[in-house]
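# Fold and geometry: a report
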Amino acid sequence: MLPPAGAQGTDPGGRLLLVLAEAFGWEDLGDPPGSALGDWGTRAAVGVVTVAPGDPADPWTRLLSLGVGRRTPFPRTPLPPAALPEAELPGGEEARAVWTGFTGRAVPDRAGLLLFLPPTLLPQGSTLGDHLRSADVSTVLIGGGGTSEEAPAAGALLTGSDGLVLGAVVPEPVAADPAWPGGLRTDWKRLDQLVRGAADARLLVIQWSDLGRLEVWESLVPPERYRALREEALAGLLGWLEAAASRVASAGGKVMLLATAPPRSLPSRSPAPLILYPHDPPALVTSGSTRRPGVLDPGDLAPSILALLEAGTSWPGEGRALVTQADPHPYGTLDRFYRTAVGVSQLRRPVLHAYIIIVGSLVLAASLLLALAPDVPPPHPARRVLDFGLLVAAAAPLAMLAPPLVTTDGRVHLALVILLSLLIAGLLGAGVPAAWRFPVLAGATFLALLADTVAGAPLQQHAFLGNDPLGGARYYGVGNEYMGILLGSGLVVAGALWEWRPTVLARLAGLAVLAGLVVVLGSPRWGANVGGTIASLFGAAYLLLRLGRRPPRWSHLLLLATGTLAAVGLVGLVEALLVEAGSRSHLGQLVARILQEGWRPLGEVALRKAATNLKLVQYTIWSRVLIATLIAFVILLYRPVGLFRQLTAQKPYLGRGIEAALVGALVALVANDSGVLAAATAMIPTMTTLLMALRSVRTSAGA
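What you are looking at is a predicted structure, and each value in this text was computed from that prediction instead of being measured. (Residues numbered from 1 in each chain as written. Predicted model: local features only at pLDDT ≥ 70, side-chain atom pairs only at ≥ 80, totals over all residues. Heavy atoms only, no water.)

With that settled, the discussion passes to the overall build of the protein chain. A count of helical and extended segments in the protein chain gives 22 helices and 15 strands. Its C-alpha atoms give the protein chain a radius of gyration of 29 Å, within 12% of the compact-globule value 27 Å for 703 residues. Its C-alpha atoms give the protein chain principal-axis dimensions of about 95 × 55 × 50 Å. Within the span of the protein chain, comprising 703 residues, buried residues form 56% of the whole. (Helix = DSSP H or I, 4+ residues; strand = E, 2+ residues; numbered from the N terminus. Rg over C-alpha atoms; globule rule 2.2 N^0.38 Å. Buried < 20%, exposed > 50% of the residue type's maximum accessible area, 1.4 Å probe, protein only.)

We now examine the packing of helix α5 (residues 188-197) against helix α7 (residues 223-250). When two helices pack together, their arrangement is captured by the angle between the axes and the distance separating the axes. Packing of α5 against α7 brings their axes to within 11 Å, and their N-to-C directions diverge by 25°. Considering their axes alone, α5 and α7 lie roughly parallel with respect to each other. For the crossing formed where α5 meets α7, the hand is right-handed. Of the residues in α7, those in contact with W188, L191, D192, V195 and R196 of α5 are G236, L237, W240 and R247. Residue composition of the contact of α5 with α7, by class: five nonpolar, one polar and three charged. (Axes fitted to C-alpha atoms, helices over the stretch in contact; angles between N-to-C directions. Parallel < 35°, antiparallel > 145°, perpendicular 65-115°, else oblique. Left-handed = near helix turned anticlockwise from the far one by under 90°. Contact = heavy atoms within 4.5 Å. Nonpolar A, V, L, I, M, F, W, Y, C, P; charged D, E, K, R; others polar.)

A few words on the packing of aromatic side chains. Summed over the entire model, instances satisfying the criterion amount to six aromatic pairs. Aromatic side chains W40 and Y277 sit 5.5 Å apart centroid to centroid with 80° between the ring planes, which places their arrangement in the edge-to-face category. Placement of the pair is W40 in the loop between β1 (16-21) and β2 (45-49) and Y277 in strand β12 (residues 272-277), with a sequence separation of 237 residues. Taken together, the ring pairs connect W188, W208 and W240 into an aromatic cluster. (Phe/Tyr/Trp six-rings, centres within 6.5 Å; stacked < 30°, edge-to-face > 60°.)

To continue, consider the side chain of T686. Take T686: it is sitting in helix α22 (residues 675-702). A relative accessible area of 0% places T686 in the buried class. Filtering out sequence-adjacent residues up to four positions away, T686 remains in contact with G488, V492, I658, A661 and L662.

Here the focus is the pattern of salt bridges. Inspection of every chain in the model, using the stated rule, returns 14 salt bridges. Between D58 and R76 there is a salt bridge, and its shortest N-O distance comes to 3.1 Å. Of this pair, D58 sits in the loop between β2 and α1 (59-68) while R76 is found in the loop between α1 and β3 (82-83), placing the two residues 18 residues apart along the sequence. Using a relative accessible area of 51% as the deciding quantity, one classes R76 as exposed. (Salt bridge = Lys/Arg side-chain N within 4 Å of Asp/Glu carboxyl O.)

Once that is clear, we can look at the environment of Q461. Along the chain, the position of Q461 falls in the loop between α12 (437-454) and α13 (480-500). Here the alpha-carbon distance between Q461 and R292, two residues 169 residues apart in the chain, equals 9.9 Å.

With 93% of its residues at a pLDDT of at least 70, the protein chain reaches an overall mean of 87. Between the elements of the protein chain, mean pLDDT differs from a low of 67, seen in helix α18 (residues 600-619), to a high of 97, seen in strand β13 (residues 283-286). Within the model, the stretch residues 1-13 combines pLDDT values under 50 with 28 contacts to residues more than four positions away or in other chains. (pLDDT = per-residue confidence, 0-100.)

All right, on to the packing of α13 against helix α14 (residues 504-522) then. The N-to-C vectors of α13 and α14 enclose an angle of 165°; their axes lie 8 Å apart at closest approach. If you check the angle between α13 and α14, you find them roughly antiparallel. Considering how the two elements wind past one another, α13 and α14 form a crossing that is left-handed. Residues M483, L486, L487, G490, L491, V493, A494, L497 and W498 of α13 lie in contact with α14, whose contacting residues are A506, R507, A509, G510, L511, V513, L514, L517 and L521. Considering only residue class, the contact of α13 with α14 consists of 15 nonpolar, two polar and one charged.

This next bit is on the nonpolar core. Grouped together as the largest cluster of nonpolar side chains are 105 residues, with contacts concentrated most on Y482, W622, M687 and L690. For this core, the leading source of residues is α22, giving 15 residues. The contacts of L690, once residues within four sequence positions are left out, are F633, L636, F644, L647 and I658. Of all hydrophobic cores here, the second largest spans 60 residues; its members include L128, L132, M256 and V285. (Core = buried A, V, L, I, M, F, W, Y, C linked by side-chain atoms within 4.5 Å.)

Structurally, A235 can be placed in helix α7. Residue class for A235 comes out exposed when judged on its relative accessible area of 51%.

For the rest of this paragraph, the subject is the sheet that holds strand β4 (residues 111-115). Here we have three strands laid out as an open sheet, ordered β3-β4-β6, and antiparallel in their pairing. The sheet is open, and its two edges are formed by β3 and β6 (164-166), each paired on a single side. Pairing between β4 and β6: three bridges, direction antiparallel. Bridging from a neighbouring strand, L114 pairs with L164 of β6. Relative to the sheet, helix α2 (residues 95-103) contacts β3, β4 and β6, its axis offset from that of β4 by approximately 60°. (Pairing = 2+ DSSP bridges.)

See below:
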């Protein structure tokens, strides 16, 4: 328990002072970023923690998820989320008696907060609170109020799997101020006394709520005054924190300032700033989960706290403890990332929806025109519009890679994508024969994606088709959208190279494309995409098998599938045995879990992938473009009659490359947890190349 108010203590070494700030955003660090922190901010490691969709609306869910290491919705019951043991609940009963009545257990004397959670919600030993107990880390929480309605949400971060926070829990000291909206604000003198009095706590958590309380009254306060009040509140926090951080650091401790959610005025996916002091030289935080300098996943917070406390426990979740990477200008580096990521993320959904609708409509329209009016001449306006439209749409994935090099503004980014797509299509239309425009475009796209992936995918992470780093699904490697583009382009390009020149050099180039596709997607360091590895390996093997020009038998396909899975499993086994846990990819982690726990983790992953795919098929627009392109392919198989057979006869290598790309797309659909996305994007280079190839065959037959 805390000593009496006003008692003086010395901050012990090896402690962590964790300040959780509500409604705190990146812009609150000043302009330029970091300037509001003063001198102590120049000797710190800086980062942002991604905010999963839906979390900001419920701080209890947000903080419980941080404490568990995975998204865990906080259940709502007729009772308040939590209460101090001696607090009176709305029905008039003491919280201690109610908690005991539900659980059948007495409340321990060390319990500072009682959470009303279903007994099976949190598996034993799975929470940050459980690990703090096992490491015998003393904890003090300052925050919230004394009533059950004001219990601190930070308790969800510290709870054990039994729903108890062990350690002192003290209401946030507030002072009455009639000139302040709501009439209450932090009493900094009293807070400082409490912090000095918590001399024996290795982990001291402060839930600071001035900005959150102020945000409640935002609609009633004039904008200029509201901004002034926020600046005043922030100045109070940062001024107090500078002095407190100096004391803690001088005793060998660490201070972490973490925003629990962005202000309502910012986009909901705005990441939460994190400052770790002291750290000399200045640096960016990162982790094995993200491999992105300056970016942490929410699941990384619990193991990072344990590592900073030197708790010596092994975290069971997928999160990794933070590490730092020196950067002389961490705020500037992170500011560029933040503004680009937020700008692209805000527009990503509407842009992709429009793009998908355009691609699906163009492919269907062009297929119907070819099926119903195969002899329409190239100069016909309808054919010219469709051909150019398909070329522009197929060029967009390549064009999306360039804007991050020159802008951080999402709208400028979009404008550049449109202009570059038109420019690429215009150049190809003017300088490349019609039959080879799409294979050449596929080759350029493949090489650009391959180079970017090997370089760490800096362009893909800020592209509309890239893996959105703010979404939290994937931070490194190749996301499923671009994986599909890479898969379809690579298989088409290999066939096109063999068709273009029947020489040894062309054959070797085609084999190099296939090898590059498989190696880059399969490498834990580069692509790190397990589903993409399976699809590319199967597609490449299928293409090589089809070079014999005989349709494969079912036994051949079964052998291909078995060999593909065996090869991927072997790669995962090598990684699990030879690579340290903090550096493994998802495949390495899965195989390591299988070695420890048996086949159960594999079943869990398979069920999760199937559930995700089913959900995407039902609810996302990606399934629509996949269905549209599959319908178009079926149409082209039968109309005009025999045309597809003529393609495989006249241009056998290109035809088999297209066929292998279609097979690879179907394998990606099954092998990925969001396979609908990968299969749909793989069809973009595949179907556009197929349409133009069929047109060229029809034109040559008519001539």
